[in-house]
Structures are given as C-alpha cells and as structure tokens.
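# Summary of structural features
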Amino acid sequence: MSASSSLEAHGLSDMQNAAENTVFPESGHQRPNDPLYGVDVSWTPKYRSEQMLLDVYTLNNSEKQRRKERDRQQRQHYLLKHTWKGNYGVPLRSPSLIVNWCCGTGIWAMELAHKFPECHVVGIDYPSATMSKLSSAHNNLEFQHMLPHEEHTGLEQFEDNCVDYLMMRDVWLSNSPHHKWRQIMQQVMRILKPGGWLEIYEQDLEIYSAGAHLQTLDRWMDTLLEHLGIEKQLVHLITPLLKETGYQNVQERAMELPLGEWTSTDVMKETGYLFKDLIERRFRILRPWLSELNNVSNEEILNTITQGLDECETSKTHMCWYYYAAQKPGNI
C-alpha cells in the first residue's frame, strides 16, 4: 500500500466475564445511522466500555459532553507534549506511513503531518471525536472513522508490513476489557514494517497521597473499572504484553505529575494546575456512570469531586503517566 493511496474506511479470565453482556440501560435515544456520523452503529455493544464510548461519541443527547471531552483531549495533548518534550520519542527517518490509533481530535496527527510532509498520516477514531477540518490544511493527513468493538480495531484495512510508526495515547477505555490490549498489539505487529515502532502513552489509574474525599472518589472509580473489565494496574502489564507479543527494544518510562500547584517550581506548578484541571474534567465526564454504578446522586458526585481536588494542595497528591516504545523485529 503506497503512502499516497487513499485508505478504505472500515466499520468497524474472570474480569472479561464480568464485563461481557453487561450493558447499561437504554438511554431512550436512537443511535444515528446517517452521513453526519459517517458510520453505521447499529451493532449491539458487547461490553460496558463499548456502550460508554457510544454514549459519549454517537448519541444525540451527548453533544455537550462530546465538546467537553474534545476540549479535555486538546488540553491533554499539550500537557503530554510539554511533559515528554515532544510528540514522539523514537527515531523516525523518512517515514512513509504513520497511524494514530484512537486519535481523538486529531491534533497530534496534524502536527506529525506538518513535520513529515512527504509522509501519509492516518488518524483513526469515532467520526464525532475527530476535528476533520484539520486535514484540509494538510494533503498528507487523512482521518478514517470507525467504532472499535470486539475483534474490530480499525486496523484490519492495512496490509501487512506497511506502517512505519503507530501511536496510541490514553486508550485504557478503548482497550477494555483488558484482553483487547493483546488483540491490538497483535494487529499492530502485523501491519508494522520490520523495524517499525509502536509508542504508547498511558495514564496510571492509581492516585497517590489522596485526601479523604479523593479516596472516596477513587473507590467509586474502582467500581467502574471493575464493571468495565479494566485492570487498575494496567500500566505495569503493558511491557510484559509487548514482550510476549514479540516486540523487541521495549522501553518503559514513568513521569510523576502533581495534582495542583503544591510543588516548588513554577514549571511544575503550571503542569500541576493543568493536570488537576484535566483530572477534574475526566471525573465530570464519567459522572453519570459513577453515579449509576455506585448508587450515588449526581450532586454528591460533584461535591466530592470539588472537595477531593481542593484537598490535593495539602495532601500533595500526584499521579503518573507512563511511556512505552517497542519495535517490530527486523530492519526497515
């Protein structure tokens, strides 16, 4: 498959058993099957995670929520770029095809398309997640829309050994239940060129040195993770999975970030302020599910979020982001 060719869009343990066939009640809104959304979503979600993603990105009544999530992703992009001092950490020498799986708004893909104008860059995600207008300024940038679900990653369209580099960031929900991590790593291995690179940026789901209210919120979050089939320690499982799948030159690094402005340096105060805002936005987006699964009112959820994040300054609360890089055996 050449870099200039147009890609064809595709529609897309105990923990797994707990997550399977346990969808949320119907919202009362039909999922759209029209050109506005670009894909057919008439399939029935098998897992809670798939239902959540549909609710956030495709239901008619979630437009405000989608805007909030899009804004959160934009802010997160700049936080990660600042924290890791760039958009990628592996050697890229004249790549011809780069893929950003679950690309979100597409800002990272746009910046890579700008940096490598001779490379075809493909961003893959929900139609309503991406800002498709970004591609209009870059002829080498393309968005392909898909709804990820069981055994359909959106990568099936790519030929073997054709991708130089694939990026995944903050995909803990898309890759739940946990067994989906193995599926996606195998698919990426298939489509990477020999010597091609996979990079993953994932947030640790543990909260360290939390105050009383944030501990309560964390327990509610644990309930949600259990129902989604997500292993809370997943950041410690990714490197072993990469090695088991056959990747080489596997790298792992962790970066501790403050929640709030309690640190001593101006740079970290700014980082902590932004990170705390992002965590608050994530909790607020997850509020409906936290409320339903824990039988807690929306008001109590919101009050706990506010008080819990206020406590971060005195508790010196922090969380971690993890970086992984892995290479397919062989030479490009």
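See the structure above.
Residues numbered from 1 in each chain as written. Predicted model: local features only at pLDDT ≥ 70, side-chain atom pairs only at ≥ 80, totals over all residues. Heavy atoms only, no water.

Take the overall build of the chain next. Tallying secondary structure elements over the chain gives 10 helices and seven strands in all. A total of 332 residues make up the chain; the buried ones form 57% of that total. (Helix = DSSP H or I, 4+ residues; strand = E, 2+ residues; numbered from the N terminus. Buried < 20%, exposed > 50% of the residue type's maximum accessible area, 1.4 Å probe, protein only.)

Any two side chains of opposite charge can pair, so long as their charged atoms come close to each other. Considering all chains together, one arrives at 15 salt bridges under this definition. Taking the shortest distance from any N to any O, the salt bridge between Arg-75 and Asp-71 comes out at 3.1 Å. Of this pair, Arg-75 and Asp-71 both sit in helix α3 (residues 63–83), separated by four residues, roughly a single helical turn. Accessibility expressed as a relative area gives 33% for Arg-75, which makes it partly exposed. When salt bridges with common partners are traced through the structure, they connect Asp-71, Arg-75, Asp-277 and Arg-281 into a single cluster. (Salt bridge = Lys/Arg side-chain N within 4 Å of Asp/Glu carboxyl O.)

Looking now at the nonpolar core. Membership of the largest hydrophobic core comes to 94 residues, with the highest contact counts inside it found for Trp-101, Leu-155 and Phe-158. Those residues in contact with Leu-155, other than ones at most four positions away along the chain, are Val-99, Trp-101, Ile-124, Leu-166, Ile-184, Gln-187, Val-188, Arg-190 and Ile-191. (Core = buried A, V, L, I, M, F, W, Y, C linked by side-chain atoms within 4.5 Å. Contact = heavy atoms within 4.5 Å.)

Attention now moves to the side chain of Glu-206. As for its position among the elements, Glu-206 is in the loop between β5 (192–203) and α6 (212–228). A residue is classified by how much of its surface remains accessible, and Glu-206, at 18% relative accessible area, is buried. Separated by 2.5 Å, the side chains of Glu-206 and Gln-233 make a polar contact. If we skip the residues at most four places from it in the chain, Glu-206 touches Lys-232, Gln-233 and Met-319. (Polar contact = N/O pair within 3.5 Å; in protein donor to acceptor, adjacent residues only side chain to side chain.)

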